[in-house]
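Here's the letter readout for the chains.
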Amino acid sequence: MQITGQTKIVGIIGAPIEHSRSPQIHNAAIAALGLDYVYVPFHVQPDNLGAAIEGFKAANVVGINVTIPHKQNVITYLDEISREATLIGAVNTLIFKDGAISGENTDAPGFLQAMQEEGLDVPEGGTAVVIGAGGSARAIVVALALAGVQTICITNRTVSRAVALATDLSGKTGLDDPKLSNAVGTSQLIVNTASTSMDVSYPLLIDPEWLEPQSIVYDIVYTPPETRLLRAAAEKGCHTIGGLGMLVHQGAIAFEKWTGVNPPVESMRQALQGAFDQK
């Protein structure tokens, strides 16, 4: 990759950001297509979010992915926001164009595309449990509701955040522990969005003994590729799906929005897998 004065910049902001594999997958797509772009990670603390956004705008950055903890707070700094991102209440993709900043959310379609790729169906008319109450959880709750899931149960370490999310997205249910075990045991789909899945010092937010073999357990956390929850679910006989597919697909959607070019998804996937194989 040769960077020149004409190279266009895209990237990702978050705190932490060291775990992100988005640079590998996007730069692989850029190289495969021979585009004059570069994708760069930026560690941005919450107190510096506004300054960072203004800096990107001033520097003619083309696009930025947004990860934890900025997906909701970044909305304050946008000129436009897509209908889907408005419904979700969180943004993971910024587009800088003609002096304006627009926000999109590619998490919801990326989540569903990764399921379809695995040959798995959303339990239309059924029940799902979503663990976590951040920006990714919001996207997934909306995606599941629009796909026809009848009951979506939301749980979080901080119960008030689960209740707030449930109330905000209307008609869903925030759960505390006594009801959670029953919900997990009777749901067709359990989705973890909590970043604590990356940290072995935190306990799992659900007891694996609650799981039933007929359930699909989907952990969108991708570092490590097989989380403790996925290992425990596999031991219980559940069908499991990790976060690598969602990361690739939501990234591919963002890539096309920035460049106008459909990226080579398989090249992105291979780069992502290679990044983990090198660890």
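Residues numbered from 1 in each chain as written. Predicted model: local features only at pLDDT ≥ 70, side-chain atom pairs only at ≥ 80, totals over all residues. Heavy atoms only, no water.

The protein carries the name shikimate dehydrogenase (NADP(+)) in an unreviewed UniProt entry, which gives Geodia barretti as its organism.

### Observations concerning helix α8 (residues 228–235)
Here is the rule we go by: Residue burial is assigned from relative accessible area. The probe radius is 1.4 Å, only protein chains are included, and a residue is buried under 20% of its type maximum, exposed over 50%, and partly exposed in between. What counts as a helix is a DSSP run of H or I of at least four residues, what counts as a strand is a run of E of at least two, and both are numbered from the N terminus. Here the arc refers to the set of directions running from the helix axis out to each C-beta atom. We call two residues in contact whenever any of their non-hydrogen atoms come within 4.5 Å of each other.
Among the residues of α8, L229, L230, A232 and A233 are the ones counted as buried. Taken around the axis of α8, the buried residues stretch over an arc of 165 degrees, which confines them to a single face. On its buried face, α8 is in contact with β10 (189–192), β11 (216–219) and β12 (239–241). Downstream of α8 by one or two residues, G237 has phi in the positive range, about 90 degrees.

### A short note on the packing of helix α4 (residues 107–117) against helix α9 (residues 244–259)
The condition that has to hold: For helices, the axis comes from a line fit to the C-alpha atoms of the stretch in contact; other axes are also lines fit to C-alpha atoms, and the angle between any two N-to-C directions lies between 0 and 180 degrees. Any angle between 65 and 115 degrees counts as roughly perpendicular, while under 35 counts as roughly parallel, over 145 as roughly antiparallel, and the rest as oblique. Throughout, a crossing is termed right-handed when the near helix is turned clockwise from the far one, and left-handed when it is turned anticlockwise from it by less than a right angle.
α9 packs onto α4 with a crossing angle of 130 degrees between their chain directions and a minimal axis gap of 8 Å. By the angle class used here, α4 and α9 are oblique. The two elements α4 and α9 meet at a crossing, and its hand is right-handed. For the pair α4 and α9, contact is made by D107, P109, G110, F111, Q113, A114 and E117 and by G245, M246, H249, Q250 and I253, respectively.

### As for the pattern of salt bridges
Going by this rule: Any Lys or Arg side-chain nitrogen located within 4 Å of an Asp or Glu carboxyl oxygen qualifies as a salt bridge.
Across all of its chains, the model carries five salt bridges by this definition. The shortest N-O distance in the salt bridge between K236 and E209 comes to 3.8 Å. Here K236 is found in the loop between α8 and β12, whereas its partner E209 is found in the loop between β10 and β11, with 27 residues between them in sequence. Relative accessible area serves as the criterion here: at 26%, K236 is assigned to the partly exposed category. For E209, a relative accessible area of 56% gives the class exposed.

### Thoughts on the UniProt feature "domain: SDH C-terminal" (unreviewed entry) in the protein
Inclusion rule: UniProt positions are given in the numbering used here, feature names are shortened, and annotations may be inferred rather than shown by experiment.
The sites that carry the UniProt feature "domain: SDH C-terminal" (unreviewed entry) are, in the present numbering, residues 243–273. For the annotated span residues 243–273, helix accounts for 81% and strand for 0% of the residues, and the straight-line distance between the end C-alpha atoms is 12 Å.

### Some remarks on the side chain of T93
What counts is decided by this rule: The term polar contact refers here to a pair of N or O atoms within 3.5 Å; inside protein, the definition further demands a hydrogen-donor-capable atom paired with an acceptor-capable atom, and it admits residues adjacent in sequence only when both atoms are side-chain atoms.
Among the secondary structure elements, T93 is positioned in strand β5 (residues 93–97). Separated by 3.4 Å, the side chains of T93 and N65 make a polar contact. A polar side-chain atom of T93 sits 3.1 Å from a polar atom in the side chain of N92. With near-sequence residues (within four places) excluded, T93 lies in contact with I64, N65, V66, S102, G103, E104, T106, A254 and W258.

### Side note on the nonpolar core
Soluble globular proteins tend to bury their nonpolar side chains together. Basically, it comes down to this: Nonpolar cores are built from buried Ala, Val, Leu, Ile, Met, Phe, Trp, Tyr and Cys residues. Side-chain atoms within 4.5 Å join them into one set.
Of all hydrophobic cores here, the largest spans 28 residues; its most connected members are F111, M115, I140, L144, L189 and Y218. Going through the elements one at a time, α4, β7 (127–131), α5 (135–146), β8 (151–155), β10 and β11 are the ones with two or more residues in this core. In terms of residue count, α5 provides more of this core than any other element does, seven residues in total. With residues near it in sequence (within four places) discarded, Y218 still touches F111, A114, M115, L189, I190, V191, N192, I241, G242 and M246. In this structure, A29, Y37, Y39 and F255 belong to the second largest nonpolar core, which totals 21 residues.

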